[in-house]
Amino acid sequence: MTVTDRTITAPEETLALPAAPAVVRRPLGVFTRPQGSEGWQSWLFTVDHKRIGIMYGAAALFFFLVGGAEALFIRLQLAAPNGSVIGAGTYNGVFTMHGVTMIFLVAMPMAAAFANYLLPLQIGARDVAFPRLNAFSFWCFLAGGLLLTSSMLIGGWFQNVPDGGWFNYAPNSGLLFSPHKGIDFYAVGLQITGIASLVSSINLIVTVLNMRTRGMSLFRMPVLTWMLLITQFLLLFAIPVITVALFLLMFDRLWDANFFNVAAGADPLLWQHLFWIFGHPEVYILVLPAFGIVSEIIPTFSRKPIFGYNFMVASGIAIGFMGWGVWAHHMFTSGVGPLAVAAFSVSTMFIAVPTGVKVLNWLATMYGGRLRGLFGGLHFWWPKVFGYILDERWGKAAFWVILIGFNLTFGPMHILGLQGMSRRIATYRADEGFAFWNMVATIGAFAIAAGVAMLLWNIYKSTRDWRRAGRPAVGPDPWDARGLEWMTASPTPEHNFDREIEVEGQDEFWHRKYGQDESGRVVRAAPTSEIAHDGSNTKVHLPSPSYWPIVLSGGILLVGYGLIYNLWLVAAGMVLLVGAMYGWILEPADDPEAAGHHEEHDGGHDDGGHDDEEAATLG
C-alpha cells in the first residue's frame, strides 16, 4: 500500500474490508461552529435567513401583544371623564412605550421578517450575502427591544419608563424635567435597535445587488423585492440621523453636555429637526413593505399580472426620494416660519402623487380580473413558511372584526380633535363633551384585541388540526402564484432551491406554467409538479451555524445597561463584545461536523437545462 500526502492507494481485495470510523478534528477547538441541528440550539445559533425571518416575526408578535396591552390601558383611562385607572405619570409612560413599541419593536421588525424570509427566495438566492451578520441583526434588535421593555419593570412598575412621547422632544427629555432613568432607556435602547436595522439594511442591499439568480435583472424583480430594497436604502440613510440625535441626548443626560440644554443657549429645535429628518422617511420604511405585499397578493388572486409594473417601481423610488423633503410638516407649530410652512406644505402634497399611482395600479390590476378573495400577507405566505393553510373562515372573521374595530378606534379621534380635545392628556372633565366618542374609541380598541385573539386562535387551531389529521404539507404553489418563492417546496427547504434558476422575464414561474394557444387565450402549459423543485437535493453547500452573533449581541446589551446604571458593566460588556468579535474572526468558514453543512452541488441543471455552477455561500 502506497501512502502519499494526498491519496491512499490499496490493492483491490482490501477494499472489501470494513472502513475504520473517520476521525475529523474539530477545527480551532472552542471556535468550532455549533453542532446541534435540532431543538432550541438550532434556533439560537442559526444563520438560515428563513429561520431568522420567522424569529423576527415571532418577536414582533410578542411586542405587538405588549404594545396592544399598553393601548388598552390608554383607552381604559380615557373611556370616561376623570379616569382613574392609572395615574397621570404612569399614563405618560404607557403612552410613550406604546408608541415606541409599535413603531420600533413591531412595525419595523415585522417588515424585517418578510424581508429576511422572502427577499432571497424572490431573487432566486440561497441565502443573504452575510448570514452571520443577518443573525446578529436579529439578536441585536431583540437585545434593544428587551432593554426598552425592561424599563417597565426595573425599579418598580412603570417607575423608570420613557415618558416624553415616542418623539421625546427637548427640553422635556433633559434631566430637569425627566430626572429618572426612563429617557436613558429610550436613548440607549433605540441606539441598539438602530445598529440592528443598519446592519440588516446593508446586508439586504448587498444581497439584492449581488446575489440575484441568472437572468434576474433589476426590472424583473417582483414589486415586493423592489419595495423592500427601497426600504433598506431609507434605513441606511435614516438610521444614522436618529443615531446622532440619540447620541447627543445620551451625552446631555449622562455627561452634562449641552446639545439640547436651553438654559445653556442650545436650540431645542435641533432635536425636532434631527428626529423628523429620520421620522418622516420612517413613515415610508413602515408603509413601503405593505405596498409590496399588496402588490404581490392582488395579481395572484386577480389572475392577472400587476398593471403598470414600471410605474409601480418608479413610484416607490419617487417616494423614497421625496420622503426626505417633507419632514418639517411635523413642525408647523414650532415657529419655523411661513416660508418653510409653505414649502413643506407643497412637498407634502406632491408626495401623495406616487402613492396615488400605486392605488390606481392596484385598481387597474383588479379590473377585469377574476377575483378569488383577498388574504393578508400572513395568510398568503403562511403555507410557504409552515406547509399548511390557515383556516379561511376564522381568517375572514378576524379580518372583519379588526376592520370594524380599527374604524371605531381611530375614526372618533378625528372627531375629538375637531371638538378641541388635546392629544396626550391623561383625563378630561365631564362638561367638555368628549365622553361619547372616547367610549366608542375604547370599544373599538377592545374589538381590535378580540380580532387579534381570533387570529392567534386561528394559528393554534390550524396547527393543531393539521398535526392531528397527519396531512402532508401543501404543494409548493397552493395559490397558483407568480413569484420564484412558489417554485420550491412548502415549507421551504433549508437550501431554498434544488437547482439554480435562470430567469428569462418578469413573473418567470407563471410563464413556465402558462402559455397562449392559437387564439391568444391563456392556457396551462405545464403542471406545477413538473416545474417546481421538491426540495430533495441534499448536496448543496450551506453556511454553518454560529455562536458569535448572539454572544456579540449579549455584550452590546450589557454595555447598554452599564451606560444606564454602572460603568463597570460597560467594561464587562466590552470584554464580552471584543471576545465575541475575536471569535467571529477566527471561526472557520466550514466545519465538516456542523449540522446543516452539505457537500458542494454536483453540477445539476435547472429547468432550462443550464449548467449549475453553484458557488459556496460563506458564513
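This is a predicted model, so every value here is computed, not measured. (Residues numbered from 1 in each chain as written. Predicted model: local features only at pLDDT ≥ 70, side-chain atom pairs only at ≥ 80, totals over all residues. Heavy atoms only, no water.)

Draft legend 1. The arrangement of the overall build of the protein in detail. A count of helices and strands for the protein gives 17 helices and 4 strands. For the protein, buried positions account for 50% of its 619 residues. Here the analysis covers contacts within the protein between residues at least 6 apart in sequence; of these, 80% occur between residues at least 24 apart. When the accessible surface of the protein is totalled, it reaches about 28,400 Å², and 67% of it is carbon and sulfur. (Helix = DSSP H or I, 4+ residues; strand = E, 2+ residues; numbered from the N terminus. Buried < 20%, exposed > 50% of the residue type's maximum accessible area, 1.4 Å probe, protein only. Contact = heavy atoms within 4.5 Å. Areas by Shrake-Rupley, 256 points an atom, 1.4 Å probe, with all protein chains shown as cover.)

Draft legend 2. Fine view of the pattern of salt bridges. Applying the stated rule across the entire model yields 17 salt bridges. The salt bridge involving Asp-391 is made with Lys-461; its shortest N-O contact spans 3.9 Å. With Asp-391 in the loop between α11 (377-386) and α12 (392-419) and Lys-461 in helix α13 (residues 435-469), this pair connects stretches of sequence that are 70 residues apart. Of the two residues, Asp-391 and Lys-461, neither departs from the other in class, the shared state being buried. Ionic pairing is found between Arg-429 and Asp-431, a salt bridge with its closest N-O pair at 3.1 Å. Within this structure, Arg-303, Asp-477, Asp-480, Lys-513 and Arg-524 form a network of salt bridges that share partners. (Salt bridge = Lys/Arg side-chain N within 4 Å of Asp/Glu carboxyl O.)

Draft legend 3. How the structure looks around the nonpolar core. Formed by 116 residues in total, the largest nonpolar core has its most connected members in Phe-104, Phe-138, Phe-141 and Trp-271. If one sorts the elements of this core by residue count, helix α6 (residues 223-255) sits on top with 18 residues. Judged by nonpolar contacts, the second largest core, of 15 residues, contains Met-152, Leu-416, Met-421 and Ala-426. (Core = buried A, V, L, I, M, F, W, Y, C linked by side-chain atoms within 4.5 Å.)

Draft legend 4. Structural detail: the packing of aromatic side chains. Under the definition given, this model contains 40 aromatic pairs. For the ring pair Phe-62 and Phe-63, a centre distance of 5.1 Å and an interplane angle of 65° mean the geometry is edge-to-face. Taken together, a centroid distance of 4.9 Å and an interplanar angle of 75° make the contact between Phe-436 and Trp-437 edge-to-face. Its relative accessible area of 27% is what places Trp-437 among the partly exposed residues. Aromatic ring contacts, followed pair by pair, group Phe-104, Trp-166, Phe-260, Trp-271, Phe-275, Trp-276 and Phe-278 into a single cluster. Here the guanidinium or amino end of Arg-482 rests over the ring plane of Trp-510, the centre of that ring lying 4.1 Å away. The ring of Phe-509 carries Lys-513 above its face, with NZ or CZ at 4.4 Å from the centroid. (Phe/Tyr/Trp six-rings, centres within 6.5 Å; stacked < 30°, edge-to-face > 60°. Lys NZ or Arg CZ within 6 Å of the ring centre and 35° of its normal.)

Draft legend 5. How the structure looks around unusual backbone geometry. In the segment running from Ala-170 into Pro-171, the intervening peptide bond is cis, with an omega of 5°. Locating Pro-171 in the fold gives a position in the loop between α4 (131-150) and α5 (182-210). Of note, the bond from Ser-490 into Pro-491 is cis; its omega dihedral lies within 30 degrees of zero at -10°. Assignment of secondary structure puts Pro-491 in the loop between α13 and α14 (508-513). Although it is not a glycine, Asn-82 sits at a positive phi angle of roughly 55°.

Draft legend 6. Main features of the side chain of Ser-315. Summarising the element assignment, Ser-315 is placed in helix α8 (residues 309-322). For Ser-315, a relative accessible area of 5% puts it in the buried group. Not counting the four nearest positions on each side in its chain, Ser-315 is found in contact with Pro-354, Val-357 and Lys-358.

Draft legend 7. Here's a closer look at a nonpolar patch on the surface. A surface patch of nonpolar side chains, amounting to about 660 Å² of accessible area, comprises Phe-399, Trp-400, Leu-403, Ile-404, Leu-408, Met-439 and Ile-443. Take the nonpolar patch: its biggest share by element is 5 residues, from α12. Structurally, the position occupied by Leu-403 is in helix α12. (Patch = residues over 30% accessible without salt bridge, like charges linked within 9 Å, V, L, I, M, F, W, Y side chains within 5 Å.)

Draft legend 8. Geometry of helix α7 (residues 269-302). With 34 residues, α7 ought to run about 50 Å at 1.5 Å a step, and its terminal C-alpha atoms sit 49 Å apart, in line with that. Bending of α7 peaks at approximately 30° at the position of Val-287, with proline Pro-289 no more than four residues after it. Most of α7 is tucked away: 26 of the 34 residues are buried. (Expected span 1.5 Å × (residues − 1). Bend = angle between axes of the 7 residues up to and from the residue.)

Draft legend 9. Just the packing of helix α16 (residues 548-565) against helix α17 (residues 567-586), in detail. Between α16 and α17, the shortest axis-to-axis distance is 7 Å and the interhelical angle comes to 165°. Taken together, the axes of α16 and α17 are roughly antiparallel relative to one another. Crossing of α16 against α17: the hand is left-handed. The residue makeup of the contact of α16 with α17, split by class, is 19 nonpolar, 6 polar and no charged. (Axes fitted to C-alpha atoms, helices over the stretch in contact; angles between N-to-C directions. Parallel < 35°, antiparallel > 145°, perpendicular 65-115°, else oblique. Left-handed = near helix turned anticlockwise from the far one by under 90°. Nonpolar A, V, L, I, M, F, W, Y, C, P; charged D, E, K, R; others polar.)

Draft legend 10. Layout of empty space enclosed by the protein. One pass over the structure, following the stated rule, counts 2 cavities of 30 Å³ or more. For the largest cavity, the calculated volume is near 270 Å³. Looking at the largest cavity, it is lined by 24 residues, and the ones nearest its centre are Met-108, Pro-109, Ala-112, Ser-197 and Leu-235. Contributions of two or more residues to the lining of the largest cavity are made by α3 (88-122), α5, α6 and α7. Grouping the constituent residues of the lining of the largest cavity by class yields 18 nonpolar, 6 polar and no charged. Counted as a void, the second largest cavity has a volume near 230 Å³. Surrounding the second largest cavity, 25 residues form its lining, Pro-222, Glu-296, Arg-482, Gly-483 and Asp-507 being those nearest its centre. Per-element tally for the lining of the second largest cavity: the top contributor is α7, with 4 residues. Residues that form the lining of the second largest cavity fall into these classes: 13 nonpolar, 6 polar and 6 charged. (1 Å grid on protein atoms, 1.4 Å probe; cavity = no way out; pocket = protein on both sides within 12 Å on 5 of 7 lines; lining within 4 Å. Points joined across faces, edges and corners; volume = space filled by probe spheres on them.)

Draft legend 11. Region of interest: the confidence of the model for the protein. Scored by pLDDT, the protein comes out at a mean of 84, with 88% of its residues at no less than 70. For residues 1-24, every residue scores under 50 in pLDDT, and the model assigns this stretch 8 contacts once sequence neighbours within four places are set aside. Confidence over residues 593-619 falls short of pLDDT 50; this stretch has 87 contacts with residues more than four positions distant or in other chains. (pLDDT = per-residue confidence, 0-100.)

Draft legend 12. Examining the environment of Gly-583 more closely. If you trace the backbone, Gly-583 turns up in helix α17. Judged by relative accessible area, which is 0%, Gly-583 ranks as buried. Between the alpha carbons of Gly-583 and Trp-548 there is a distance of 6.7 Å; along the sequence they are 35 residues apart.

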